[in-house]
Amino acid sequence: MSDLAGQVAIVTGGASGIGRAVAVLFASKGCRVVIADQDARRGVEVADELKRGGSADSSSTEMDVSSAAQVDALVTQTLARFGRLDILVNSAAVYPPLPSLLETPEPAWDQVLSVNLKGTFLMCKRAIAAMVDQGSGAIVNVASIAAMKGTNYSVPYGVAKAGVIQLTKAAAVQYAGRGIRVNCIVPGLVDTPMSRRSMASSEEFDRFVAQIPAGRAGTPEDMAALTLFLVSKEAAFINGAAMVSDGGTMAR
Ligand SMILES: NC(=O)c1ccc[n+]([C@@H]2O[C@H](COP(=O)([O-])OP(=O)(O)OC[C@H]3O[C@@H](n4cnc5c(N)ncnc54)[C@H](O)[C@@H]3O)[C@@H](O)[C@H]2O)c1
């Protein structure tokens, strides 16, 4: 698959899980990666890992995607440093386990929608403004199969992820003519700190895995490979797509 030599990417949530795997893979393809994460310590650890791997220009910025001011500062600083922004991957999200609609407090609803949906909106809006000026760009948002079915686990999470899919399609349609592609990946269960935290025990995790036709959970590297494909020139005609990668879960 095509390399990303000379390109500049921002990866939100790049300090952990899927975002971290995307940052590692992109850097290995010659991309200069800006990790944007509220977890400053892990962000620096991943950036150091990328530098040790030969990506000297990669870096980490502590920020909150739900803050318009911090989103603006992140993109402005990236443009000041590199003079361009080719790729945005929006992986940052939260998943507080919320048993049912009646047990979902209003502040929890607001937090999930604010980070998972508004954060993706703010990042897309600021990045697309830069990409329009540049005349090119590729964005990959991270949705979830929780957007596509009713679940017992977290109402606001699925609602936010459904919004991410719609945001992806709207942005794709509106900016296709300006050289910008906006797609999203739709993961099923992926073995990451988030999914492990959301389960009561490793036995519960294994029970979920047993429901997956592929017989295993996805890996962050599975998601990174799909993300790389979507930003590559091989995917030049793919725009507004919601690409499910779930080991067959939704096909059942
Ligand atoms: N793990 C799964 O099974 C699964 C399934 C479907 C979709 N997803 C989605 O994949 C993406 C990555 O999830 P993951 O499993 O790698 O989770 P993770 O918890 O390992 O990583 C998420 C990262 O986002 C960061 N983050 C959280 N809130 C932030 C904020 N306000 N501003 C900046 N950074 C913030 C965290 O610090 C963390 O580093 C998320 O969008 C998640 O909803 C995950």
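Preceding block: the structure.
Residues numbered from 1 in each chain as written. Predicted model: local features only at pLDDT ≥ 70, side-chain atom pairs only at ≥ 80, totals over all residues. Heavy atoms only, no water.

> When you look at the sheet that holds strand E5 (residues 137-142) in this model, what are you seeing that I'm missing?
Reading across the sheet, the seven strands line up as E3-E2-E1-E4-E5-E6-E7 and stay open at both edges, with parallel pairing between neighbours. Edge positions in the sheet fall to strand E3 (59-62) and strand E7 (242-245), since each has one partner strand and no second. Direction aside, the axes of adjacent strands within the sheet are offset by 20 degrees on average. Judged from the four bridges that link them, strand E4 (residues 87-90) and E5 form a sheet pairing that is parallel. Counterpart to Val89 in the pairing with E5 is Val140. (Pairing = 2+ DSSP bridges. Helix = DSSP H or I, 4+ residues; strand = E, 2+ residues; numbered from the N terminus. Axes fitted to C-alpha atoms, helices over the stretch in contact; angles between N-to-C directions.)

> Looking at this model, I keep getting lost on the site of the ligand. Mind explaining?
Residues in contact with the ligand amount to 30 residues; listed here are only the nearest, Ser16, Asp37, Tyr157, Lys161 and Thr192. In this structure, Gln38 approaches the ligand through a main-chain N or O atom, which is 3.2 Å from a nitrogen atom. Contact distances for the ligand include 3.5 Å between a nitrogen atom and a backbone N or O atom of Met63. Surface burial for the ligand is 94%, taken as the share of its 830 Å² of free accessible area covered by protein chains. Residue assignment for the shell around the ligand shows that the elements contributing at least two residues are helix H1 (17-28), helix H5 (155-175) and helix H6 (193-198). Classifying every residue of the shell around the ligand gives 16 nonpolar, nine polar and five charged. (Near = heavy atom within 4 Å. Polar contact = N/O pair within 3.5 Å; in protein donor to acceptor, adjacent residues only side chain to side chain. Areas by Shrake-Rupley, 256 points an atom, 1.4 Å probe, with all protein chains shown as cover. Nonpolar A, V, L, I, M, F, W, Y, C, P; charged D, E, K, R; others polar.)

> Please explain the side chain of Ser195 as it appears in this structure.
Along the chain, the position of Ser195 falls in helix H6. A distance of 2.5 Å separates a polar side-chain atom of Ser195 from the backbone oxygen of Val190. Residues in contact with Ser195, not counting those within four places in the same chain, are Leu189, Val190 and Phe205. (Contact = heavy atoms within 4.5 Å.)

> Would you mind showing me how to read the packing of aromatic side chains here?
What describes a pair of aromatic rings is the distance from one ring centre to the other and the angle between the planes of the rings. All chains considered together, the criterion is met by two aromatic pairs. On the basis of an interplanar angle of 75 degrees and a centroid distance of 4.5 Å, the ring pair of Tyr95 and Tyr157 is categorised as edge-to-face. Pair noted here: Tyr95 is in the loop between E4 and helix H4 (106-134) and Tyr157 is in helix H5, with a separation of 62 residues, a long-range link. A relative accessible area of 22% places Tyr95 in the partly exposed class. Residue class for Tyr157 comes out buried when judged on its relative accessible area of 10%. (Phe/Tyr/Trp six-rings, centres within 6.5 Å; stacked < 30°, edge-to-face > 60°. Buried < 20%, exposed > 50% of the residue type's maximum accessible area, 1.4 Å probe, protein only.)

> Just to check I follow, could you spell out the pattern of salt bridges for this structure?
Side-chain pairing between opposite charges can occur once the charged atoms of the two side chains come close. With the rule as written, the count across this model stands at seven salt bridges. With a closest N to O distance of 2.7 Å, Arg20 and Glu49 form a salt bridge. Residue Arg20 is located in helix H1, and its partner Glu49 is located in helix H2 (residues 40-52); the two are separated by 29 residues in the primary sequence. Under the relative-accessibility criterion, Arg20 is labelled partly exposed at 27%. With a shortest N-O distance of 2.7 Å, Arg126 and Asp72 are connected by a salt bridge. Residue Arg126 is located in helix H4, and its partner Asp72 is located in helix H3 (residues 68-82); the two are separated by 54 residues in the primary sequence. (Salt bridge = Lys/Arg side-chain N within 4 Å of Asp/Glu carboxyl O.)

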